[in-house]
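# Architecture at a glance
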Number of protein chains: 2
Amino acid sequence: MTCEGNFTKKLSERGYRVTPQRREILHILLHADAHLTPAEIFEEAHKKLPNLTEPTVYRTLEFLAEIGLAQEAYSEKSKSAYEISGYAHHHLICRKCAKEVEIPHVKVEGLCQNLEDETGFKLMQNHLSFFGICPDCQEN
Amino acid sequence: MTCEGNFTKKLSERGYRVTPQRREILHILLHADAHLTPAEIFEEAHKKLPNLTEPTVYRTLEFLAEIGLAQEAYSEKSKSAYEISGYAHHHLICRKCAKEVEIPHVKVEGLCQNLEDETGFKLMQNHLSFFGICPDCQEN
DNA sequence: GTCCTTATTGCAAAAAATTGCAATAAGGAT
DNA sequence: ATCCTTATTGCAATTTTTTGCAATAAGGAC
Ligand SMILES: [Mn+2]
Ligand SMILES: [Mn+2]
Ligand SMILES: [Zn+2]
Ligand SMILES: [Zn+2]
């Protein structure tokens, strides 16, 4: 089974169609070691699928995020980027050098629980970006 | 003194120029009771400044955010929006009906302190968006 | 395998956001 | 008040993202 098999299975199980475009984009997301922009994903996927178009990439990413297989990353200046929905985590980002540190969700869980209790909202898997200045940049 | 006086003063103090465009955009942000998109701000500011152009609005908002007088709001699908930098707060947003609940920063302060202690990052005033499903939408 | 339904895609066009650069005007010096 | 420097703006062009719609092809029924 291909590496994106688990994800395409979820697609069909939930009544969505498994297309080469979705397969390829999932494949790329699965092998990414960072957040990818739609442009990066298009460039990569286009090698395998020469007829692929940008609107399809944008729509596919939005769709995958909607159904929870991918998630959007909020970096500075609301440039969008995506990653596969794996383990829950968040990010600490340096405003000067853009260095990122990953924060396991467990660190944020308590706060989420409090917010749920106080507001009645049911939180979904969030993917937060905290901005600050990293230790290195604080010195200079 | 006009209502945006405090903010324009900060501009000159820090060596930035006070222009009618910046003045007007600050004025609009100060009187907004919600996050405003660049388009909304342009439309409003354009009434007073007929020569104003979109690039100036985008650049001004980015600039104000950079120097801390405004802040960007991350809503769904990374549509950008801005508000004046006033009291620190965050948002809880319903993914179904888009209803927003404001969260005072004090609720998040403990977590921020922990993150600072553990990572050595110095956090800046963040403006977080937590997504979830509101009580009303949970019923339906 | 063939047919059918309709979700998904590609294409063309529109809208939103960004960029380069020359013209303008803010603010300091005289 | 006038001049000077250069930060800031407007304009034109480009790039990115979104949208509408007709063509395509995925998946189910036979
Ligand atoms: Mn991430
Ligand atoms: Mn806000
Ligand atoms: Zn840094
Ligand atoms: Zn709701």
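Shown above is the structure to which this text applies.
Residues numbered from 1 in each chain as written. Chains lettered and ligands numbered in written order. Predicted model: local features only at pLDDT ≥ 70, side-chain atom pairs only at ≥ 80, totals over all residues. Heavy atoms only, no water.

## What to know about the coordination of the manganese ion (ligand 1)
Note on metal geometry: ideal angles are 109.5 degrees for four donors arranged tetrahedrally and 90 or 180 degrees for six donors arranged octahedrally. Residue and element names in this part refer to chain A. Our working rule: Counted as donors are N, O and S atoms no farther than 2.8 Å from the metal, or 3.2 Å for Na, K and Ca; water is not among the atoms, and sites may therefore look incomplete. Accessibility here uses a 1.4 Å probe with only protein chains present; expressed as a share of the type maximum, an area under 20% marks a residue as buried, one over 50% as exposed, and anything in between as partly exposed.
Around the manganese ion (ligand 1), the protein contributes the donor atoms His35 (NE2), Glu83 (OE), His89 (NE2), His91 (NE2) and His127 (NE2), which lie 2.1 to 2.3 Å from the metal centre. Between consecutive donor residues of the manganese ion (ligand 1), the sequence gaps follow H-x47-E-x5-H-x1-H-x35-H. Both residues of the pair, glutamate 83 and histidine 91, count as buried.

## Quick notes on the protein's contact with DNA strand C
The line we're drawing: One heavy atom within 4 Å of a molecule or strand is enough for the residue carrying it to be called near that molecule or strand. Residues adjacent in sequence count toward polar contacts only when both atoms are side-chain atoms; beyond that, a polar contact is any pair of N or O atoms within 3.5 Å, and within protein one must be able to donate a hydrogen and the other to accept it. Helix numbering and strand numbering both begin at the N terminus, where a helix is a DSSP run of H or I of at least 4 residues and a strand a DSSP run of E of at least 2.
Around DNA strand C, a shell composed of 19 residues is seen, among which Gln21, Arg22 and Thr56 of chain A together with Val18 and Tyr58 of chain B lie nearest. Within the side chain of threonine 56 of chain A, an N or O atom sits 2.7 Å from a phosphate oxygen of DNA strand C. At 3.4 Å from a base oxygen of DNA strand C is found a side-chain nitrogen or oxygen belonging to arginine 59 of chain B. For the surface near DNA strand C, the elements supplying multiple residues, two or more each, are helix H2 (20–31) and helix H4 (54–66) of chain A together with helix H4 (54–66) of chain B. Looking at the surface near DNA strand C element by element, the count peaks at four residues for H4 of chain A.

## Focus on the packing of helix H5 (residues 106–119) of chain A against helix H5 (residues 106–119) of chain B
We count it as follows: Orientation is described by axes fitted as lines to C-alpha atoms, over the contacting stretch for helices, and by angles from 0 to 180 degrees between their N-to-C directions. With respect to orientation, any angle under 35 degrees is reported as roughly parallel, any angle over 145 as roughly antiparallel, any angle of 65 to 115 as roughly perpendicular, and every other angle as oblique. Any pair of residues with heavy atoms lying within 4.5 Å of one another is described as a contacting pair. Amino acids are sorted into nonpolar (Ala, Val, Leu, Ile, Met, Phe, Trp, Tyr, Cys and Pro), charged (Asp, Glu, Lys and Arg) and polar (every other residue, Gly among them).
Contact geometry of H5 of chain A with H5 of chain B gives a least axis separation of 10 Å together with a crossing angle of 180 degrees. Here H5 of chain B runs roughly antiparallel to H5 of chain A, going by the angle between their axes. Across the interface between the two elements, Lys107, Val108, Leu111 and Glu118 of chain A of H5 of chain A pack against Lys107, Val108, Leu111 and Glu118 of chain B of H5 of chain B. Each residue belonging to the contact of H5 of chain A with H5 of chain B can be placed in one class, and the counts come to four nonpolar, no polar and four charged.

## Focus on the pairing of strand S6 (residues 129–133) of chain B
What counts here: Pairing between strands requires that DSSP locate at least two bridges from one strand to the other.
Buried residues dominate S6 of chain B, accounting for five of its five residues. Residues Ser129, Phe131 and Ile133 of chain B point to one face of S6 of chain B and Phe130 and Gly132 of chain B to the other, with burial holding for every one of them. As judged from the two bridges shared by strand S5 (residues 122–123) of chain A and S6 of chain B, these two strands associate in the antiparallel manner. Bridge pairing in S6 of chain B links leucine 123 of chain A to glycine 132 of chain B. In this structure, strand S3 (residues 89–94) of chain B lies alongside S6 of chain B, joined through four bridges in parallel fashion.

## Concerning the protein's contact with DNA strand D
Residues in contact with DNA strand D amount to 19 residues; listed here are only the nearest, Val18 and Tyr58 of chain A together with Gln21, Arg22 and Thr56 of chain B. Each atom of DNA strand D within 4 Å of the protein was assigned to sugar, phosphate or base; sugar and phosphate come to 70%. Note that a phosphate oxygen of DNA strand D is positioned 2.7 Å from one of the backbone N or O atoms of valine 18 of chain A. Between threonine 19 of chain B and DNA strand D, the recorded distance is 2.9 Å, taken from a side-chain N or O atom to a phosphate oxygen. Counting residues per element, the ones that place at least two in the surface near DNA strand D are H4 of chain A together with helix H2 (20–31) and H4 of chain B. Considering every element that reaches the surface near DNA strand D, the biggest residue donor is H4 of chain B, with four residues.

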